Amino acid sequence: MHTGPREPLRLSEATGVPFYRQIVQQLSDQIRSGGLQPGERLPSVRELAAELVVSLITTRRAYAELEAEGLIVRRQGQGTFVREAVEQASRRQARREVERSLGEALQRGRHLGFDDDQLRELVDEILKGGEA
Amino acid sequence: MSDEEVIRLENVEVRRGSFRLRVPSWSVPSGCVVGVIGASGAGKTTLLRLLPGLDPVHGGSVRVFGLDPRRAPEDVRSALGYMTDDLPVFSMQLDELFRFVSGYYPSWDATLVDELLQRFPLELDKQASELSKGEATKLRLILAMAFRPRVLVLDEPATGLDLMSRRNLLTTVLEVVKEPERTVIVSSHAIVDLERIADHLLVLREGEVVQQGATDELVGEGRSLEEAFLEWSGERT
């Protein structure tokens, strides 16, 4: 099992983003970037709480979300690990994110009076033009 | 958090002069951090003093580890560390004091005392009666923790501490609950610290429980504990 140094998490009170969400974001970024390797052991809920000086509720909630996203697995009596089949899971997650962003853009298009055909045309144009 | 319950209060009423504390129902599970918050005079200390059985109740029942702390104070206190503001004045050097107190507790952990002294430095050749307010707070904290009690009750533990020690205090509390069978109950009028570390909260106002429950459910997203607290305490509607 790979046990490389985990990048320390940094929580900010200034952003107004709840701590559990900051933990989810930073850990999932590290998992998806490969900074945390599949099979790598993560600190327990209680260890992470002491390390970050946050409540157990906070770390428990963060781990529950990461588990729901398929990025980590909790094995009874052994601990919490980065999921082995994480590539697939993170691909799924990435798809969900793109879906959400596109959905929002299309929704906005509709509000501004574009119909579906016009939106399709627009998307095709953007893809052809190579615009971001 | 295990589901085991370490503390249960039912229909508790305590009267002291014209002050009355009422707690309809309060239960503390093992393995978590519980915050008791309220302005000064809200009844935090009155409530916490019931746990080691220091005061009688005028109604209802208090159970700690399933025991009545007034009937079985020794059994309760051997597993409950209680840190309070009123420090008895010892005319003893600190290192002697630690030796003296350690004799009462088979579970006294001298290594832990050394670790805590690194975090909360004290001069061991000083007389306990000559400590500053902040130093006295550190001493009381170490004494309450050193026998590794299953339940640690800290009444306003940040009193007189400098910023660094306050931060260390939060870390220390969370390190205690790394062991899932241990519980910390901590009171404060300064709610910011508790919002960060407490899993459950009990909010008191003029002797009444105005809120209790899981911190994230009470506070909610986009609202800080401070805002919520102002609302509960009636200072903002």
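If you're wondering where the values come from, they're calculated on a predicted model, not measured in any experiment. (Residues numbered from 1 in each chain as written. Chains lettered and ligands numbered in written order. Predicted model: local features only at pLDDT ≥ 70, side-chain atom pairs only at ≥ 80, totals over all residues.)

A.B. asks: Even after reading the chapter, I still don't get the environment of arginine 46 of chain A, so can you show me in this structure?
C.D. replies: Tracing the backbone through its elements, the reader meets arginine 46 of chain A in helix H2 (residues 45-52). When the C-alpha atoms of arginine 46 of chain A and aspartate 115 of chain A are compared, they prove to be 52 Å apart, with 69 residues separating the residues in sequence. For arginine 46 of chain A, the residues in contact, after removing those within four places along its chain, are Leu56 of chain A together with Val177, Lys178 and Pro180 of chain B. (Helix = DSSP H or I, 4+ residues; strand = E, 2+ residues; numbered from the N terminus. Contact = placed C-beta atoms within 7 Å.)

A.B. asks: Whenever I open this one, the pairing of strand E5 (residues 80-83) of chain B confuses me. Can you help?
C.D. replies: On a regular strand, each side chain points to the face opposite its neighbour's, so the side chains alternate between the two faces of the sheet. Residue and element names in this part refer to chain B. Burial along E5 is two-sided: the residues Leu80 and Tyr82 and Gly81 and Met83 are all buried. Relative to strand E6 (residues 151-155), E5 runs parallel, the two being bridged by four bridges. Its bridge partner lying in E6, glycine 81 is registered against leucine 152. (Buried ≥ 20, exposed ≤ 12 C-beta atoms within 10 Å, placed from the backbone. Pairing = 2+ DSSP bridges.)

A.B. asks: Is there a simple way to think about the pairing of strand E8 (residues 200-205) of chain B in this case?
C.D. replies: Residue and element names in this part refer to chain B. Most of E8 sits out of view: five of its six residues are buried. Here four bridges tie strand E3 (residues 33-37) to E8, and the two strands are oriented parallel to one another. The residue of E8 that forms the bridge with valine 34 is histidine 200. When E8 meets strand E9 (residues 208-214), the two strands line up antiparallel, connected through six bridges. Note on E9: the bridge partner recorded for leucine 204 is valine 209.

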